[in-house]
Amino acid sequence: AYWSGHIARHMRTALVPRRQATRALEMRPDPTLGKIAAVSRLGDISLDEFLADPRSGARGFIVIHRGKIVYERYPGMRPDDSLLWASCAKTMTSLLIDLLVDEGKIDLQRPVEAYLPDFRGTAWEGIRVLDVLDMTPGLDTEENDETRRNPDSLAIRLFLADLGTPNRRTGQIETVRDVLKSAKKVRDPGTSFDYGSPVTQALVLLTEEVAQQRWADMLDDRVWSKLYVDGPIQVHLAPDGTAAPYGLVSSRLRDMA
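Residues numbered from 1 in each chain as written. Predicted model: local features only at pLDDT ≥ 70, side-chain atom pairs only at ≥ 80, totals over all residues. Heavy atoms only, no water.

Colleague: Sorry, what's going on with the overall build of the protein chain here?
Modeller: Each helix and strand counted, the protein chain has ten helices and nine strands in total. Relative to a compact globule of 257 residues, whose C-alpha radius of gyration would be 18 Å, the protein chain shows 20 Å and is just as compact. Burial status across the protein chain gives 43% buried among its 257 residues. Considering only residue pairs separated by 6 or more positions, the protein chain has 64% of its internal contacts joining residues 24 or more positions apart. For the protein chain, the accessible surface area stands at approximately 13,100 Å², while carbon and sulfur atoms represent 50% of it. Positive and negative side-chain charges of the protein chain, numbering 34 and 37 respectively, have mean locations separated by a distance of 4 Å. (Helix = DSSP H or I, 4+ residues; strand = E, 2+ residues; numbered from the N terminus. Rg over C-alpha atoms; globule rule 2.2 N^0.38 Å. Buried < 20%, exposed > 50% of the residue type's maximum accessible area, 1.4 Å probe, protein only. Contact = heavy atoms within 4.5 Å. Areas by Shrake-Rupley, 256 points an atom, 1.4 Å probe, with all protein chains shown as cover. Lys, Arg positive; Asp, Glu negative; His and termini not counted. Charge placed at Lys NZ, Arg CZ, Asp CG, Glu CD.)

Colleague: Is there a simple way to think about unusual backbone geometry in this case?
Modeller: Residues apart from glycine generally show negative phi values, whereas peptide bonds are mostly found in trans. Phi is positive for Arg66, close to 50 degrees, though the residue is something other than glycine. With respect to the secondary-structure elements, Arg66 resides in the loop between strand S5 (61-65) and strand S6 (68-73). Assessed through its relative accessible area of 75%, Arg66 is described here as exposed. Although it is not a glycine, Met135 adopts a positive phi angle of roughly 55 degrees. Looking at the element boundaries, Met135 is found in the loop between helix H4 (129-133) and helix H5 (145-148). Given the relative accessible area of 8%, Met135 is considered buried.

Colleague: Just checking my understanding: could you explain the sheet that holds S6 for this structure?
Modeller: By definition, the strands of a sheet pair up through backbone hydrogen bonds, in either a parallel or an antiparallel sense. Taken in spatial order, the three strands of this open sheet run S2-S6-S5, and their pairing is mixed. Two strands lie at the open edges of the sheet, namely strand S2 (26-27) and S5, each paired on one side alone. Bridge analysis of S5 against S6 gives five bridges, and the strand direction is antiparallel. Within S6, the position partnered with Ile64 by the bridge is Ile69. (Pairing = 2+ DSSP bridges.)

Colleague: Teacher, can you tell me more about helix H9 (residues 215-222) here?
Modeller: Every α-helix winds through 3.6 residues per turn, so residues three or four apart in the chain are directed the same way. Of the residues making up H9, those classed as buried are Trp215, Ala216, Met218, Leu219 and Asp220. In this fold, the buried residues of H9 make contact with strand S1 (12-16), helix H3 (90-102), helix H8 (197-211) and strand S8 (233-237).

Colleague: Would you take a moment to explain the pairing of strand S4 (residues 43-46) for this structure?
Modeller: A regular strand carries its side chains on alternate faces of the sheet. Alignment of strand S3 (residues 37-40) against S4, held across four bridges, turns out to be antiparallel. Within S4, the residue paired with Ala37 across the bridge is Ser46. Connecting S3 to the antiparallel partner S4 that follows it, the hairpin turn spans two residues.

Colleague: Looking at this structure, how should I read the pattern of salt bridges?
Modeller: Close approach of charged atoms allows side chains of opposite charge to pair. Counted according to the given criterion, the structure contains 17 salt bridges. A salt bridge links Glu26 to Arg28, with the nearest nitrogen and oxygen atoms 3.4 Å apart. Overall, Glu26 belongs to the partly exposed group, its relative accessible area being 41%. Looking at Arg28, the relative accessible area reads 48%, which means it is partly exposed. A salt bridge links Asp145 to Arg148; the shortest N-O distance between them is 3.6 Å. Pair noted here: Asp145 and Arg148 are both in helix H5, with a separation of three residues, about one helical turn. Given the relative accessible area of 52%, Asp145 is considered exposed. One network of salt bridges, in which partners are shared, links Glu103, Lys105 and Arg222. (Salt bridge = Lys/Arg side-chain N within 4 Å of Asp/Glu carboxyl O.)

Next up, the structure:
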């Protein structure tokens, strides 16, 4: 819980500043939302009760409806604290790809190696960018309960590389790029949806290669600088400076929403 709110103290971080004047979202609180109940590990409990219970581990909760804040609570953080986006950050990675498609710089039908020449000769060769976006690459990049328990899985090796932590089997600190290049084919691309952060990470490398720009700088130029946010966004980096926006991004909760 501490780490998720203070990642910039422990990882290299690119700080993307707020560049527009802040424009506050309108408040229209709806007290009925907090009374909505659900069965959880804490029992049959309302949202208000869940957020007030320290056992929930909840840090912040916000609901925006038609551009207005209708529910907002901060049981475990301050409103101006930054908190980990986790996999919600994957949406920004695909957004930047989409912008490059609109600019005519990426063709979704072309293979990965057309944009990442050093991936020729790896299992990524021949896989369309579209299949990477759809998380249907046919590789051993899947992230699930089984692979998260396996220290030799590609997903865990990626996380270790981003954190600068030695591989548990070899004792070596791997690079993000080398981990991705070691992926193996398990099925034909486009045939099965297999969720995995390594797939999103490959899109980060592709974005930087096409734009000839660091991922955080591209996010700054094309997205964050256009928004009327309250504060900066933190893009956390591997030891070699590779951005990890499959999940390692932090900001204020309102700015995320």
